[in-house]
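# Coordinates in review
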2 protein chains.
Amino acid sequence: MALVVQKYGGSSVATAERIRRVAERIVETKKAGNDVVVVVSAMGDTTDELLDLAQQVCPVPPAREMDMLLTSGERISNALVAMAIHSLGAEARSFTGSQAGVITTGSHGNAKIIDVTPGRVRAALDEGSIVLVAGFQGVSQDSKDITTLGRGGSDTTAVALAAALDADVCEIYTDVDGVFTADPRIVKDAQRLDKVSFEEMLELAACGAKVLMLRCVEYARRYNVPVHVRSSYTTKPGTIVSGSMEDIPVEEALITGVAHDRGEAKVTVVGLPDTPGYAAKVFRAVADAEINIDMVLQNISKVETGKTDITFTLPMSDGPRAVELLTKQQDEIGFTQVLFDDHIGKVSLVGAGMKSHPGVTAKFCEALAAAGINIDLISTSEIRISVLVDDTELDDAVRALHAAFELGGEEEAVVHAGTGR
Amino acid sequence: MALVVQKYGGSSVATAERIRRVAERIVETKKAGNDVVVVVSAMGDTTDELLDLAQQVCPVPPAREMDMLLTSGERISNALVAMAIHSLGAEARSFTGSQAGVITTGSHGNAKIIDVTPGRVRAALDEGSIVLVAGFQGVSQDSKDITTLGRGGSDTTAVALAAALDADVCEIYTDVDGVFTADPRIVKDAQRLDKVSFEEMLELAACGAKVLMLRCVEYARRYNVPVHVRSSYTTKPGTIVSGSMEDIPVEEALITGVAHDRGEAKVTVVGLPDTPGYAAKVFRAVADAEINIDMVLQNISKVETGKTDITFTLPMSDGPRAVELLTKQQDEIGFTQVLFDDHIGKVSLVGAGMKSHPGVTAKFCEALAAAGINIDLISTSEIRISVLVDDTELDDAVRALHAAFELGGEEEAVVHAGTGR
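Residues numbered from 1 in each chain as written. Chains lettered and ligands numbered in written order. Predicted model: local features only at pLDDT ≥ 70, side-chain atom pairs only at ≥ 80, totals over all residues. Heavy atoms only, no water.

## Focus: the overall build of chain A
Looking only at helices and strands, chain A has 12 helices and 20 strands in total. Taken against the 2.2 N^0.38 rule, which gives 22 Å for 421 residues, the C-alpha radius of gyration of chain A at 23 Å falls within 12% of a compact globule. In terms of overall dimensions, chain A has a C-alpha envelope of 80 × 50 × 35 Å along the principal axes. Residue burial in chain A is summarised as follows: out of 421 residues, 55% are buried. Within chain A, residue pairs in contact and separated by at least 24 positions form 75% of the contacts whose partners lie at least 6 positions apart. (Helix = DSSP H or I, 4+ residues; strand = E, 2+ residues; numbered from the N terminus. Rg over C-alpha atoms; globule rule 2.2 N^0.38 Å. Buried < 20%, exposed > 50% of the residue type's maximum accessible area, 1.4 Å probe, protein only. Contact = heavy atoms within 4.5 Å.)

## A look at the relation of the copies chain B and chain A
Once chain B has been moved 0.1 Å along the axis and rotated by 180 degrees, it coincides with chain A to within an RMSD of 0.1 Å. This pairing of chains is accounted for by a two-fold axis. No C-alpha of chain B approaches the rotation axis more nearly than that of Ser72 of chain B, which lies at 2.5 Å. Most of the interface of chain B is mirrored in chain A: 100% of its interface residues are interface residues there too. (Least-squares fit on C-alpha atoms with pLDDT ≥ 70 in both.)

## Looking at a negative patch on the surface
A cluster of acidic residues, Asp45, Asp48, Glu49 and Asp52 of chain A, forms a negative patch at the surface. In this fold, Asp45 of chain A is placed in the loop between β2 (35-40) and α2 (46-57). (Patch = residues over 30% accessible without salt bridge, like charges linked within 9 Å, V, L, I, M, F, W, Y side chains within 5 Å. Areas by Shrake-Rupley, 256 points an atom, 1.4 Å probe, with all protein chains shown as cover. Salt bridge = Lys/Arg side-chain N within 4 Å of Asp/Glu carboxyl O. Lys, Arg positive; Asp, Glu negative; His and termini not counted. Charge placed at Lys NZ, Arg CZ, Asp CG, Glu CD.)

## A short note on unusual backbone geometry
With phi around 55 degrees, Asn224 of chain A is a residue other than glycine that occupies positive phi space. Turning to its location among the elements, Asn224 of chain A is positioned in the loop between α7 (214-223) and β11 (227-231). Classification of Asn224 of chain A by relative accessible area gives exposed; the value is 55%. Of note in this structure, Glu290 of chain B is not a glycine but carries a positive phi near 60 degrees. If you trace the backbone, Glu290 of chain B turns up in the loop between α8 (278-288) and β15 (296-298). Judged by its relative accessible area of 71%, Glu290 of chain B is exposed.

## Observations concerning the side chain of Ser242 of chain B
In this fold, Ser242 of chain B is placed in the loop between β12 (239-241) and β13 (257-261). Discounting chain neighbours no more than four positions away, the residues touching Ser242 of chain B are Lys195, Val196, Ser197, Phe198 and Pro226 of chain B.

## Focus: the interface of chain B and chain A
Every contact between the two is made by 41 residues of chain B and, on the other side, 41 residues of chain A. Between chain B and chain A, a total of about 3300 Å² is buried, with carbon and sulfur atoms accounting for 65% of that surface. Counting the surface chain B buries against chain A, the share from its top three residues, Val57, Arg75 and Met83 of chain B, is 22%. Measuring nitrogen to oxygen at the nearest pair gives 3.1 Å for the salt bridge that ties Asp145 of chain B to Arg120 of chain A. (Buried area = accessible area lost by both parts, 1.4 Å probe.)

## Thoughts on the nonpolar core
Within the largest apolar cluster, 47 residues are counted, with the highest numbers of intra-cluster contacts made by Val37, Met201 and Leu212 of chain A. Core analysis: the next-biggest nonpolar cluster, separate from the first, contains 46 residues, Leu125, Val159, Phe198 and Tyr219 of chain B among them. (Core = buried A, V, L, I, M, F, W, Y, C linked by side-chain atoms within 4.5 Å.)

## Remarks on the sheet that holds strand β9 (residues 169-174) of chain B
Where strands meet in a sheet, backbone hydrogen bonds hold them as pairs that are either parallel or antiparallel. Residues and elements named next belong to chain B. Strand order across the open sheet formed by 8 strands is β3-β6-β2-β1-β9-β11-β12-β10, with mixed pairing between neighbours. The outermost strands of the open sheet, each flanked by one partner alone, are β3 (92-95) and β10 (195-196). Both strand β11 (residues 227-231) and β12 contribute to a ladder of 3 bridges, which runs antiparallel. Of the residues in β12, the one forming a bridge with Val227 is Val241. On top of the sheet, helix α3 (residues 63-87) reaches β2 (35-40), β3 and β6 (130-134); it is set at about 165 degrees to β6, its chief contact. Here helix α4 (residues 119-126) sits on the sheet and contacts β1 (3-8), β2, β3 and β6; the angle it forms with β2, its principal contact strand, is near 135 degrees. (Pairing = 2+ DSSP bridges. Axes fitted to C-alpha atoms, helices over the stretch in contact; angles between N-to-C directions.)

## So, the side chain of Thr29 of chain A
Residue and element names in this part refer to chain A. Secondary-structure assignment places Thr29 in helix α1 (residues 16-31). Here Thr29 falls in the buried class, since its relative accessible area comes to 15%. Among all residues touching Thr29, those that are not within four sequence positions of it are Val4, Gln6, Asn34 and Val36.

## Thoughts on the sheet that holds strand β4 (residues 102-104) of chain A
Residue and element names in this part refer to chain A. Pairing within the open sheet is mixed, and its 4 strands lie in the order β5-β4-β7-β8. Each edge of the open sheet is held by one strand with a lone partner, namely β5 (113-116) and β8 (146-148). Taking each pair of neighbouring strands and ignoring which way they run, the sheet shows an average axis angle of 45 degrees. Summarising the sheet, β4 and β5 pair through 3 bridges and their orientation is antiparallel. Of the residues in β5, the one forming a bridge with Ile103 is Asp115. The strands that helix α5 (residues 153-164) touches are β5 and β7 (137-140); relative to β5, the one it contacts most, it runs at about 40 degrees.

## Looking at helix α11 (residues 360-370) of chain B
Structurally, the α-helix is built with 3.6 residues per turn, so residues lying three or four positions apart point the same way. All names here are of chain B. When α11 is considered as a whole, its buried residues turn out to be Val360, Phe364, Ala367 and Leu368. The buried residues of α11 occupy an angular sector of 95 degrees when the element is viewed end-on, so they sit on one face. Seen from the open side of α11, the exposed residues pointing more than 90 degrees away from its buried face are Glu366, Ala369 and Ala370. For α11, the elements touching its buried residues are β18 (344-350), β20 (384-390) and α12 (394-404). Positive phi shows up at Gly372, right after α11, with a value of about 70 degrees. (Arc of directions from axis to C-beta.)

## Observations regarding the confidence of the model for chain A
Residue and element names in this part refer to chain A. When the pLDDT values of chain A are averaged, the result is 92; 97% of them are 70 or greater. Counting contacts from residues 417-421, a segment whose pLDDT is below 50, to residues more than four positions away or on other chains yields 12 contacts. With a pTM of 0.85, the predicted complex shows an ipTM of 0.82. (pLDDT = per-residue confidence, 0-100.)

## Observations concerning the UniProt feature "domain: ACT" (unreviewed entry) in chain A
In this structure's numbering, the residues bearing the UniProt feature "domain: ACT" (unreviewed entry) are residues 267-343 and 349-421 of chain A. End-to-end, the C-alpha atoms of residues 267-343 of chain A are 11 Å apart, and along that stretch the chain is 32% helix and 31% strand. (UniProt positions renumbered as here; feature names shortened; annotations may be inferred.)

## Structural notes on the pattern of salt bridges
If you walk through the whole model with that rule in mind, you get 42 salt bridges over all chains. Note that Glu127 of chain A is salt-bridged to Arg93 of chain A, the shortest N-O span being 2.5 Å. Taken together, the residues span a long stretch of sequence, with Glu127 of chain A in the loop between α4 (119-126) and β6 (130-134) and Arg93 of chain A in strand β3 (residues 92-95) at a distance of 34 residues. Members of the salt-bridge network, linked through shared partners, are Arg64, Glu65 and Asp145 of chain A together with Arg120 of chain B.

## Things to note about the pairing of strand β14 (residues 264-273) of chain A
All names here are of chain A. Among the 10 residues that make up β14, 10 are buried, leaving the element largely enclosed by the rest of the structure. Note: β14 against strand β17 (residues 337-341), 5 bridges, orientation antiparallel. Of the residues in β17, the one forming a bridge with Val269 is Val338.

## Describing the environment of Phe340 of chain B
Residues and elements named next belong to chain B. Of note, Phe340 is situated in strand β17 (residues 337-341). Distance in space between the C-alpha atoms of Phe340 and Thr174 is 36 Å, their sequence separation being 166 residues. Those residues in contact with Phe340 that lie beyond four places of it in its chain are Ala265, Lys266, Val267, Gly319, Pro320 and Val323.

## Notes on α1 of chain A
Spanning 16 residues, α1 of chain A covers 22 Å between terminal C-alpha atoms, matching the ideal 22 Å at 1.5 Å per step. Turning to α1 of chain A, its buried residues number three or more, namely Ala16, Ile19, Val22, Ala23, Arg25, Ile26, Val27 and Thr29 of chain A. (Expected span 1.5 Å × (residues − 1).)

## What to know about the state of the cysteines
All names here are of chain B. Following the criterion strictly, the structure yields 0 disulfides over all chains and no others. With no disulfide of its own, Cys170 lies 6.7 Å from the sulfur of Cys216, the closest cysteine sulfur. In this structure Cys170 comes out as buried when scored by relative accessible area, which is 0%. Here Cys207 is not disulfide-linked; the sulfur of Cys365 is the nearest cysteine sulfur, at 15 Å. (Disulfide = S-S within 2.5 Å.)

This is the structure in structure tokens:
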């Protein structure tokens, strides 16, 4: 008997009607002879409504209480789906993240899963029940307080449960038909991928693809859980994320897709002494503030001044804070000025085939040049090339690369309305 | 340092504005030098809205899932009140019933508290925090599932916590100014009582007074927790429920108040053989269906037939079921017919003074007779006289007794709008 873990996002359960439809789908899966575990996000706008209520009573709500408040949303949706399943004649039981054994760090609002001990889930499955587990939450190993997992938390819950229960597959139901060669809202002939390796999906997610959050893909890869990303609106197969790129035969290794990211900003520290230790001071200052740096470029120093510039990218929301703390330490570190640019976009080409096919970087740069797009920074890995461009040119850059590497097809992609969570 | 437990009902926290006002009241109590534990019901209509959502996905929702669903309401309100307290500069932490150590039976929707182990609450208090505890819920000792406590559950939670923490007082904040000599909506000159003994409050609650549920008062009496029933709209003192009537000096023991109950119905089993064992069969049949019987009357048997009638009262909602099962066993038990009357009302006079003052029963019956009200059944205890009357005459009966025993005063009672939960 196979064990299937399914995850449904907030728009899939936004109304009583949709809840009943999701219940039908779940019961079908059970009737096909599977054990079924389902992770459900909060209904539609519930989380936003709760956040709004919180704001009305407290301008800066304490993180612990925010987690107590927000986790009610998932509790409600999971209990309702369990009830809907019951009305279709099947057994179902809902559990909170804590009851399902999701153990996390104590970092409220952004906790990481440490372990999953799904004893109660397994027992309920063995009794023949369909099991619902509230996503996006767990319990802190130290304080025993309830925690939430941050963006994409429900997807991560689903994959973590699939790993702990040794599931055959983890199905992530969403608003799009799967993982595409590029964002179908930007590239009209973007194609749905049948299959993507873990490493390629990691790169796509890290470079801006929103269909699966990075943490979820990391978890899936570490525990080798196949993830099937598919639409909750149809029964068509989606994209299977599984397997290592090492196992792809060389001749089948391809360029997989183009990702883009509007969420980064660029900081340049100008006139830093080009001497060992100074770059480290800049990065240490930023790291101590728990700001993650993405791409880095150190310019060639000017011989006459002995000074150099360091440029790096970071999440746009962290930009002002990074500029502020660097400015505070200007004399201490010793540089001329800090520049900030939040009008950048990042475009990335991802593909296992890059490793074995020379000339990809050249073709990449030629495609952008032909489209008249200026490249600001370049950063590469074994299977990825990323560049910074002006954000007004980002969409054109995506389209240029998608066409140059012939990723399009005849069928135009269908985009469903929804929040895609 | 005193320990105060407070309970606020749903209408007290129905909006963000009211939540902030409740938070102010709580912080004042803390600033006065007390340790404070607060039990909060779900916001306003939340419970009804959740029930409605449940109905939309499932006509007969499983009880376990209903408890998972409904308990979200209290979780939300408690987290919001904790946040509001935080915005006033004080520390606050919210806990679910389970986290606060409220252990219950497994009876979903109507669980009874078995024990309260408030270790985490005590630790948080010792750290200087105000503690919020979600009312109306606990965790089943056997299954570890979440349970709800039935009507008045939040009041019971508050009293149970007060007992377990050895609190100095349990303040129940509600829509009315306290416990009255009669329902102020029926009797215009009903007076607020300053003090009521546990036993008298038990009788009043058992006989229909809705201000405190019977189970809550039983718990308070067993653990000797003083309960202060007061209005959440003013700072006036309310009614202190405490002490045993045994401790009231004879000369101070009085008639305390009049309670009424519209929620009962009357069943008469006609033509039952007047022989040992037959009455027992009737009561056993009803008891096996878990129906509670209140008042009982066995008529004097008719010598010529050797048969008698038995009449008893029960909750109106159980009436049809009792009639059905007795009818099914008609031949087996051997009676002529079953009669059902759901147009009855019960009016009761309560007072410790009854024990030491002869003539109360006579005065009681004379007052009703003078008002032209017919008495159907009489039932008494040491400190209570209850009679059944026609429900159309119930309000008049209440007023007649209240006047005859001079319970009124000059000040007219103020009745606030609200659900009184």
